[in-house]
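Listed below, chain by chain, are the residues.
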Amino acid sequence: MGLFSALDIKKLDKASINKVSKKLELQIRELEYLNQHNILPDTSVLKRIEIHFGISPIELKIKMGIMDKEVLDLLSLNATTISKLNSPTKEYTSPKNNPEFTSEFGKLYRGDCLEIMRQMDDNSVDMFFADPPFNLNKLYLSEIDDNLTSKEYLDWCYDWIEEGIRILKPGGSFFIWNIPKWNTYLSSYLNNKLTFRHWIACDLKMSLKIQGRLYPAHYSLLYYVKGEKANVFNPDRMPMETCPKCNDDLKDYGGYKNKMNPLGVNMTDVWYDIPPVRHTKYKTRKEANELSIKLMDRIIEMSTKEGDIVFDPFGGAGTTYITAELKKRKWLGCELGPLNSIIERFNNIGNESEYLNNYRSNYNVLFPEKIKKKRTKLNLWTDDTFLTTDTQK
Ligand SMILES: C[S@@+](CC[C@H](N)C(=O)[O-])C[C@H]1O[C@@H](n2cnc3c(N)ncnc32)[C@H](O)[C@@H]1O
């Protein structure tokens, strides 16, 4: 789908593109832009399309997969007729693959996530987390095409999202990590299928400033649940922010200090403390856009309990699987490219465990032990100053 296929022209057929550009009085560059981003041409071009191709604006929208109100109303009015036209049934009967790697808690498969998911049972996992390629024309060892048109990329996302929703248990949690541009589309798709919980902004600088744009400084983490209510919602509480130099308060808490929960402050939907895994020394796989264990720990802790099943279709360097293993969650995963760096990582899981335990010791307290000692020495208030405080998490 897309403008070119709606007009029956091939992406690389320069001669046809040239002809169409003349007929529609659009420059080739403009035509390619509309096709790449799946944008409906403006009214004057729509008129020319109707004249030269005999395709009405609404037919064009349907062919391009642009489901605006006009199209949806038309489909709704004609639902019975349309449903009888063609309804292919999906089959979930292929034989189960053998995992390439197993650990105490998990199974890792090599292959295309769609194929693997189609072999999984309905309502079988407690948490779904996806960190797909962002279609930014990057090179992956799996040699996937990371430079699709918007339409092709989103259609692919909708396919694995559908499978993800199917395999998620009612009350299970569904997460997608992506750049805001794509998550605006994915979130509007998900709004019709799952219950929205949060758009979490994760303050992480991306590497490149784009000319004429604001500096992109956050990733989006979409958080949905299947059905009305989450089976598990257990966010960590965070330590109070203090000045890294003088250890004093960063905000004026006035008379509220004694009302602060000694187990820390409520987690918000803006996460400032997730480190990038940029330095190759710390990165397991150079090209894998590896996420931080700190991020995966926070998500898994918030939405699952020990023994629950976590599924991630895009293995990369295996951060989800390592974190799930350390937190005694069962996990299932797959990766199209080589699996050796994930397996290697499991051989050195001890280092990662130490890292995780270190920063986790700073959660669910108002002041981490080290800070508390320093503040006490400096005669600054701590939760011990108000020992009568209620201590519920
Ligand atoms: C952004 S990376 C995931 C990084 C991972 N979250 C981590 O922290 O290490 C995306 C991965 O998805 C893999 N991939 C792309 N298309 C896939 C597909 N259809 N099935 C399975 N894996 C795929 C890529 O090879 C790449 O390793």
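Residues numbered from 1 in each chain as written. Predicted model: local features only at pLDDT ≥ 70, side-chain atom pairs only at ≥ 80, totals over all residues. Heavy atoms only, no water.

A short note on the packing of aromatic side chains
Within the structure shown, the criterion is met by 21 aromatic pairs. Aromatic ring contacts, followed pair by pair, group Phe-128, Tyr-153, Trp-156, Trp-160, Phe-174, Trp-182, Tyr-185, Phe-311 and Phe-314 into a single cluster. Lying across the ring of Phe-53, Lys-23 places its NZ or CZ 5.6 Å from the centre. Taking the ring centre of Trp-271 as reference, the NZ or CZ of Arg-298 above it sits at 5.1 Å. (Phe/Tyr/Trp six-rings, centres within 6.5 Å; stacked < 30°, edge-to-face > 60°. Lys NZ or Arg CZ within 6 Å of the ring centre and 35° of its normal.)

Observations regarding the site of the ligand
Near the ligand you find 24 residues, and of these Asp-131, Ser-142, Ala-317, Thr-319 and Glu-335 are the closest. Between the ligand and Thr-319 there is a distance of 2.8 Å, counted from an oxygen atom to a side-chain nitrogen or oxygen. About the coverage of the ligand: the protein hides 99% of its 610 Å² of free accessible area. Its residues assigned to classes, the shell around the ligand shows twelve nonpolar, seven polar and five charged. (Near = heavy atom within 4 Å. Polar contact = N/O pair within 3.5 Å; in protein donor to acceptor, adjacent residues only side chain to side chain. Areas by Shrake-Rupley, 256 points an atom, 1.4 Å probe, with all protein chains shown as cover. Nonpolar A, V, L, I, M, F, W, Y, C, P; charged D, E, K, R; others polar.)

Some details on the domain arrangement of the protein chain
Each domain of the protein chain was delimited in the assignment, giving domain 1 (3–85) and domain 2 (101–238 + 273–360). Each of domain 1 and domain 2 was reduced to a C-alpha centroid, and the two centroids are 34 Å apart. Taken residue by residue, the interface counts seven residues in domain 1 and seven residues in domain 2. Between domain 1 and domain 2 lies a buried interface of about 510 Å² when both sides are counted; carbon and sulfur atoms form 41% of it. When the area that domain 1 buries against domain 2 is broken down by residue, the three leading residues are Lys-11, Gln-36 and His-37, summing to 68%. Between the two partners, domain 1 and domain 2, sit zero salt bridges. (Domains from an automatic or database assignment. Contact = heavy atoms within 4.5 Å. Buried area = accessible area lost by both parts, 1.4 Å probe. Salt bridge = Lys/Arg side-chain N within 4 Å of Asp/Glu carboxyl O.)

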